[in-house]
Amino acid sequence: VQLQASGGGLVQAGGSLRLSCTASGRTAGDLVMGWFRQAPGKEREFVAAISRSGLSTPLADSVKGRFTISRDYTKNTVFLQMTGLRPEDTAAYYCAADPYYSGSNYIDVNRYSFWGRGTLVTVSS
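Presented here is a report on the structure given in the accompanying data block. Fair warning: this is a prediction, and the values are worked out from it, not measured in the lab.

Residues Met33, Trp35, Leu80, Met82 and Tyr93 are the most contacted members of the largest nonpolar core, which totals 37 residues. Counting only elements with at least two residues in this core, the list comes to β1 (2-6), β3 (17-24), β4 (32-38), β5 (45-50), β6 (67-72), β7 (77-82), β8 (91-98) and β10 (119-124). Beyond its immediate chain neighbours, meaning those up to four positions away, Leu80 contacts Leu17, Arg18, Leu19, Trp35, Val47, Ala48, Phe67, Thr68, Ile69 and Tyr93.

Here we take up the state of the cysteines. Summed over the entire model, instances satisfying the criterion amount to one disulfide. The disulfide that involves Cys21 links it to Cys95, with 1.9 Å between the sulfurs. Here Cys21 and Cys95 share a disulfide; its torsion about the S-S bond, -80°, makes the bridge left-handed. In this pair, Cys21 is assigned in strand β3 and Cys95 in strand β8, connecting sequence segments 74 residues apart. Cys95 shares its class with Cys21; the two are buried.

Cut-offs applied
Here the residue numbering is sequential within each chain, running from 1 through the sequence in written order. Note on the predicted model: pLDDT of at least 70 is required for a residue's local features to be given, and 80 or more for side-chain atom pairs to be given and counted; whole-chain, interface and lining totals, by contrast, use all residues. Values shown for side chains rest on all heavy atoms present in the structure; no hydrogens or waters enter the calculation. In this text, buried Ala, Val, Leu, Ile, Met, Phe, Trp, Tyr and Cys residues form a nonpolar core when linked through side-chain atoms within 4.5 Å. Categorising residues by exposure relies on relative accessible area from a 1.4 Å probe, with only protein chains included: less than 20% of the type maximum marks a residue as buried, more than 50% marks it as exposed, and the intermediate range marks it as partly exposed. To qualify as a helix, a DSSP run of H or I must reach at least 4 residues; to qualify as a strand, a run of E must reach at least 2; elements of each kind are numbered from the N terminus. Contacts are residue-level and defined by heavy atoms, with any inter-residue pair within 4.5 Å sufficient. Here, the term disulfide refers to a pair of cysteine sulfur atoms separated by no more than 2.5 Å.

Below is the structure:
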């Protein structure tokens, strides 16, 4: 499975961005997909995930009410819509996927088998 993430960029505080992650090599509907982020000097942290069915979409507390995750099965793509961006959201954002992850919150970074390259999000104050 290969994951291609895109959509990062520079935005002012309060602005919006939409990240995309397209999977190839396997049907995206077979995959739990997630977004993680890593700021300089910090550990990679969970942001959002979406179940195979799309019915479960857990979010980190820090982004609830501002970010949403969705998927388009026809395009094998997952989206992370980010609104109300804050300087503390600045990080490299990584898309991840796994065909076997079971559970309800999908927050464990070690449970994901496939990772895309990061896309950088910079939020200026």
